[in-house]
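Residues per chain, in single letters:
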Amino acid sequence: MVTTETVKLYIDRLCREIGTTAAAIHNPKTGAWYFSIGHSTIEVFLTSVGTDEGTLRTFLRCFAPLRVVPPDNLNKTDFFYGALEANTRYTGIKLGVIAGRGLLCAIAECDIASMSYADMVMLITDTGHSAGQLDDFLQQRFSR
């Protein structure tokens, strides 16, 4: 079973491979590591949630901010319709709004229980690539 410490070692390894350190991209205030992929910034963090059986499951979660949600209801409706349309185009990614920040984000997550190093790298890079594609789609749709 993979532990949070193992995932942190994976992150250290990835950072070394891309020429940085985990400490350099970690924000102690948020508990997240921040990777840049293309024009996307991927916020990577660990989250534990309780199960109905009373155990904890830990997930590696990746958030990539895409666009600011429009403040007015008419544009917001069109915006969310477009976001839902975009959401059907990309596998493994869901869209969500971060409460209090007013940002639409691409989100991917995976239970770490059997996560390999390659699985982690794929989760982060796929999130970055999909976020770039989603951002391009939304930019074309809403930059009129």
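Now for a quick tour of the structure. Just so we're clear, the structure is a prediction, and the values are computed from it rather than from any experiment.

**Details of the overall build of the protein chain**
- If you tally the helices and strands in the protein chain, you get four helices and six strands.
- Each helix and strand of the protein chain, ordered N terminal to C terminal, gives the series α-α-β-β-β-β-α-β-β-α.
- For the protein chain, whose C-alpha radius of gyration is 16 Å, the value lies close to the compact-globule estimate of 15 Å for 144 residues.
- On the principal axes, the C-alpha backbone points of the protein chain span a range of 45 × 40 × 30 Å.
- For the protein chain, buried positions account for 40% of its 144 residues.
- A sequence separation of at least 24 residues applies to 55% of the contacts in the protein chain between residues at least 6 apart.
- When the 13 positive and 15 negative side-chain charges of the protein chain are each reduced to one mean point, those points stand 5 Å apart.

**Considerations on the nonpolar core**
- If you look at the biggest cluster of nonpolar residues, it comprises 36 residues, and the most contacted ones within it are Ile-11, Phe-35, Leu-60, Met-120 and Ile-124.
- Broken down by secondary-structure element, the contributors of at least two residues to this core are helix H1 (4-17), helix H2 (22-25), strand S2 (32-37), strand S3 (40-50), strand S4 (56-68), helix H3 (73-87), strand S6 (103-111) and helix H4 (117-142).
- Residues Ala-32, Phe-63, Cys-105 and Ile-107 belong to the second largest nonpolar core, which totals seven residues.

**Looking at the packing of aromatic side chains**
- For the structure on display, the rule yields three aromatic pairs.
- Each ring, one from Phe-79 and one from Phe-80, has its centre 5.5 Å from the other, and the planes form 65 degrees; the classification is edge-to-face.
- You can call Phe-80 partly exposed: its relative accessible area is 29%.
- A cation sits over an aromatic face here: Arg-13 above Tyr-117, 3.7 Å from the ring centre.

**Observations concerning the pattern of salt bridges**
- Inspection of the entire model under this criterion finds eight salt bridges.
- With a closest N to O distance of 2.6 Å, Glu-85 and Arg-141 form a salt bridge. Linking Glu-85 in helix H3 with Arg-141 in helix H4, this pair joins segments that are 56 residues apart in sequence.
- Residue classification places Glu-85 among the partly exposed positions, given a relative accessible area of 30%.

**Re H3**
- With 15 residues, H3 ought to run about 21 Å at 1.5 Å a step, and its terminal C-alpha atoms sit 20 Å apart, in line with that.
- Among the residues making up H3, those that are buried are Phe-79, Gly-82, Ala-83 and Ala-86. Buried positions in H3, seen along its axis, are confined to an arc of 100 degrees and lie on one side of it. The exposed residues of H3 that point more than 90 degrees off its buried face are Asn-73, Leu-74, Thr-77, Tyr-81 and Leu-84.

**Quick look at the pairing of S3**
- Where S2 and S3 come together, five bridges link them in antiparallel fashion. Directly across from Tyr-34, in S3, lies its bridge partner Glu-43.
- Where S2 hands over to S3, the hairpin turn is made up of two residues, of which Gly-38 adopts a positive phi near 60 degrees.
- In this structure, S3 lies alongside S4, joined through eight bridges in antiparallel fashion. The residue of S4 that forms the bridge with Val-49 is Arg-57.
- Hairpin connection between S3 and S4: a loop of five residues separates the two successive antiparallel strands, and Gly-54 in this loop has a positive phi of roughly 85 degrees.

What counts, and where the lines are drawn
- Residues numbered from 1 in each chain as written.
- Predicted model: local features only at pLDDT ≥ 70, side-chain atom pairs only at ≥ 80, totals over all residues.
- Heavy atoms only, no water.
- Helix = DSSP H or I, 4+ residues; strand = E, 2+ residues; numbered from the N terminus.
- Rg over C-alpha atoms; globule rule 2.2 N^0.38 Å.
- Buried < 20%, exposed > 50% of the residue type's maximum accessible area, 1.4 Å probe, protein only.
- Contact = heavy atoms within 4.5 Å.
- Lys, Arg positive; Asp, Glu negative; His and termini not counted.
- Charge placed at Lys NZ, Arg CZ, Asp CG, Glu CD.
- Core = buried A, V, L, I, M, F, W, Y, C linked by side-chain atoms within 4.5 Å.
- Phe/Tyr/Trp six-rings, centres within 6.5 Å; stacked < 30°, edge-to-face > 60°.
- Lys NZ or Arg CZ within 6 Å of the ring centre and 35° of its normal.
- Salt bridge = Lys/Arg side-chain N within 4 Å of Asp/Glu carboxyl O.
- Expected span 1.5 Å × (residues − 1).
- Arc of directions from axis to C-beta.
- Pairing = 2+ DSSP bridges.

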